[in-house]
Amino acid sequence: MNSESALRKGVRYCAENGPLSLVHSTFNYLSFSDWPVFGHAIESVYPNYVVTSDELTSEYCSTYWELEEDLTGLHFGLNEEIAPLRDDPSLEYNYRPRFSFEQPFVAEVPNATLAGPYAIAIADDGNVLLDTINSWTPGASWRTGDAMKKAISESPLSVGASVLQGQAPTPKRTIPIAAVVHGYWGNFYHWMVEELLKLRGVREYERRTGRDVPLIVPSDPSPYVTESLRLLGYDEEDYIEWDGETLGVDRLVVPSFPDPTPRALQWLRGEITSGLDLSDESGPDWVYVSRQNADTRRVVNYDEVEDVLEEYGIQPVECETLSLEEQIRLFSGVDGIVGPHGAGLTGLVWGSDIQVVEVFNNVVKGPYYLLAHILGHHYTALSATSVGDMGKKRERHIQIDTDELRGILSRTTSP
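Described below are features of the structure shown in this document. (Residues numbered from 1 in each chain as written. Predicted model: local features only at pLDDT ≥ 70, side-chain atom pairs only at ≥ 80, totals over all residues. Heavy atoms only, no water.)

1. What about unusual backbone geometry?
Backbone torsion omega between R96 and P97 reads 0 degrees, so that peptide bond is classified as cis. Take P97: it is sitting in the loop between strand 3 (92–94) and strand 4 (105–115). Along the chain, G366 connects to P367 via a cis peptide bond; the corresponding omega equals 15 degrees. Within the fold, P367 resides in the loop between strand 15 (363–365) and helix 13 (368–375). Despite not being glycine, L85 shows a phi value in the positive range, around 60 degrees. Along the chain, L85 turns up in the loop between helix 5 (78–81) and strand 3. One non-glycine residue, N362, adopts positive backbone phi at about 80 degrees. (Helix = DSSP H or I, 4+ residues; strand = E, 2+ residues; numbered from the N terminus.)

2. Some details on the sheet that holds strand 16 (residues 378–383)
Taken together, the 5 strands give an open sheet; going across it, the order is 12-11-13-14-16, and neighbouring strands pair in parallel fashion. Two strands in the sheet have a free side with no partner beyond their single neighbour: strand 12 (315–317) and strand 16. When strand polarity is set aside, the average angle formed by the axes of neighbouring strands in this sheet is 20 degrees. (Pairing = 2+ DSSP bridges. Axes fitted to C-alpha atoms, helices over the stretch in contact; angles between N-to-C directions.)

3. Observations concerning a negative patch on the surface
A cluster of acidic side chains, namely D220, D235, E236, E237 and E241, defines a negative patch on the protein surface. Within the element layout of this structure, E237 appears in the loop between helix 9 (223–231) and strand 9 (239–241). Take E237: its relative accessible area is 65%, and that puts it in the exposed class. (Patch = residues over 30% accessible without salt bridge, like charges linked within 9 Å, V, L, I, M, F, W, Y side chains within 5 Å. Areas by Shrake-Rupley, 256 points an atom, 1.4 Å probe, with all protein chains shown as cover. Salt bridge = Lys/Arg side-chain N within 4 Å of Asp/Glu carboxyl O. Lys, Arg positive; Asp, Glu negative; His and termini not counted. Charge placed at Lys NZ, Arg CZ, Asp CG, Glu CD. Buried < 20%, exposed > 50% of the residue type's maximum accessible area, 1.4 Å probe, protein only.)

4. Considering the packing of helix 8 (residues 188–209) against helix 9
Angle between the axes and distance between the axes: these two values describe a pair of packed helices. Interhelical geometry of helix 8 versus helix 9 gives an angle of 30 degrees and a closest axis separation of 11 Å. With respect to helix 9, the element helix 8 is oriented roughly parallel. Of the two elements, helix 8 crosses helix 9, and the hand of that crossing is right-handed. In this structure, helix 8 contributes F188, W191, M192, L196 and L199 to the contact, and helix 9 contributes Y224, V225, S228 and L229. Taken together, the residues that form the contact of helix 8 with helix 9 break down as 8 nonpolar, 1 polar and no charged. (Parallel < 35°, antiparallel > 145°, perpendicular 65-115°, else oblique. Left-handed = near helix turned anticlockwise from the far one by under 90°. Contact = heavy atoms within 4.5 Å. Nonpolar A, V, L, I, M, F, W, Y, C, P; charged D, E, K, R; others polar.)

5. A closer look at the side chain of S53
Inspection of the secondary structure puts S53 in helix 4 (residues 53–60). Excluding residues within four positions of it along the chain, S53 makes contact with F105 and D131.

6. What to know about the packing of aromatic side chains
Working definition: an aromatic ring pair is given by the centre-to-centre distance plus the angle between the planes. This model, assessed by the stated rule, comprises 10 aromatic pairs. Centroid distance Y118 to Y184: 4.9 Å. Interplanar angle 45 degrees. Geometry classified as tilted. Of this pair, Y118 sits in the loop between strand 4 and strand 5 (120–122) while Y184 sits in the loop between strand 7 (173–180) and helix 8, and the two are 66 residues apart along the sequence. Residue class for Y118 comes out buried when judged on its relative accessible area of 18%. These aromatic residues form a ring-pair network of at least three members: Y118, Y184 and W185. When the ring centre of Y93 is taken as reference, the NZ or CZ atom of R86 above it lies at 5.0 Å. (Phe/Tyr/Trp six-rings, centres within 6.5 Å; stacked < 30°, edge-to-face > 60°. Lys NZ or Arg CZ within 6 Å of the ring centre and 35° of its normal.)

7. Details of the pattern of salt bridges
Summed over all chains, the structure comprises 18 salt bridges. The salt bridge partner of K393 is E92, with a shortest N-O separation of 2.8 Å. Taken together, the residues K393 in the loop between strand 17 (385–387) and strand 18 (397–399) and E92 in strand 3 connect sequence positions 301 residues apart. A residue is classified by how much of its surface remains accessible, and K393, at 39% relative accessible area, is partly exposed. Taken together, the shared-partner salt bridges connect E108, R211 and R251 into one network.

8. A closer look at the environment of I314
Note that I314 resides in the loop between helix 11 (302–311) and strand 12. C-alpha of I314 to C-alpha of V338: the two residues are 24 residues apart in sequence and 8.6 Å apart in space. Setting aside anything within four residues of it in sequence, one finds I314 in contact with W286, V287, Y288, L309, V338 and L409.

9. Concerning the environment of A115
Position of A115 relative to the elements: it lies in strand 4. You can call A115 buried: its relative accessible area is 0%. It is 6.6 Å that separates the C-alpha atoms of A115 and L247, two residues lying 132 residues apart in sequence. Those residues in contact with A115 that lie beyond four places of it in its chain are I120, I122, A151, V159, W242 and T246.

10. Some thoughts on the pairing of strand 4
Along strand 4, 9 of the 11 residues are buried, which leaves the element largely enclosed by surrounding structure. In terms of strand pairing, strand 2 (residues 63–66) meets strand 4 through 4 bridges, oriented antiparallel. Residue pairing across strands places E66 opposite F105, the latter belonging to strand 4. What sits between strand 4 and strand 5 in their antiparallel hairpin is a turn of 4 residues, with G116 showing a positive phi close to 85 degrees.

Shape is all these values report; function is a separate question.
See the structure below:
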C-alpha cells in the first residue's frame, strides 16, 4: 500500500462506514501499528505530516529570529565521531540522542492547536511541528511519531480524522499566546538539557516583542521541574500544567529544538545560578554518582567499588535525594565526577574544567561524553561487564573491574 492509497483509504473508510465503525475497528487492536486504517496511514505517510525546522521558518511562521550562536566544530554525527572506546570491537554503540547543531531560532506560529498527552503542536493544515518534540526523528516509531500516535489514540475522531483530512482539530478553548516546554521522556536529563534550553528562545521572543509568554508544562510536574522554573524566575502563574484537552493558541512561540551548544549551556548555567551564591568551597573534590537505588544499571559489586572510592577520597552521592539547588551547588564545586551512565551525570553541566569518568555496561551511549566534549571537560570511559538478562542490554546491571577503576582514578585524580 503506498502513502496516497493509505490516506485515501482512511478517508473513504470513514465516509462509507461512519466514525463509530472506525472507532470500533480501531480499538479491536492492542497495538497502534496494527490499526487497520489510521495506524498504517500514519506509519506510511508520517513524513508528510511533520513540519521540519526549514519548513517552519519558510512556510508556517508569521515571523522568526535567529539566536546568536557559534557552531564551530559542531555538526551532525559528532557523537559518532568522538565516541569513546572505539578500539574495543565487543562493545555496542547507541548514538541517541542525536543533535543537528544547526542555527537556532525562535518562531511565532499563528493559530496552532495543542493536543495529546505530550501537547503536540498542530498547524492549521493538520501538520505537526517537529521542533516542539524533537529535532531529529526517522519515523513514526520515534518521539514525534509516537507522540502523534498517542494523541490520535486518545482522540481518534477529533485529532486523527482532522489530521488525515488536512486540518487542525477543533480546540476546547483558545488562549492568546504560549510556548510548549513539556517534554517526551519525563526524565531529568531531557528536562534540563532539552526543555529548559528552549527558554533561551522564549526569552529572546519576549525581548523582541515585549510580550510575556506562558509556558505549557507537564501535568503534576516533578519537583525538579518546578524548582528549575523557580530558579529561572518563573512563578506558578507563569506556566500552565497541561491537562490533555485540545487547546488553541493564537500565537504559539516555537523555539527550534535546542542543541547543547557551549553558548546554550552557558546561558542555562548563568540564568539558573544567577540568584545563587556558589562561593562555598566546603564540598567534596570528587563525587561518585550512585545508581544503587535505581532499577537499572546498578553496580553489583558496589561494596568493592566503594572501597576503591574511599582510597581516593571520592564521596558517593545519591542525586535523587538532593534538591536541584543542592545538586547545582555540589557539582559546581567538584574537580571530578565518576558514575555509571545515567541522568545523574547531568550534573557535569554545572561544573567547570572537571574530570568525568563514565562507566558503561558494554553499551556505549551518549550524551554525556558529548556534553563533556562541548564543555571542555576531561573525559574518560570505562567499559564494565554487563550482568543479567534484561531485554535492553543498555539497562543491564554492571560489574566493575576494580583494578581498572583504580588505574583510571590514579591517573585522573592526580594534581
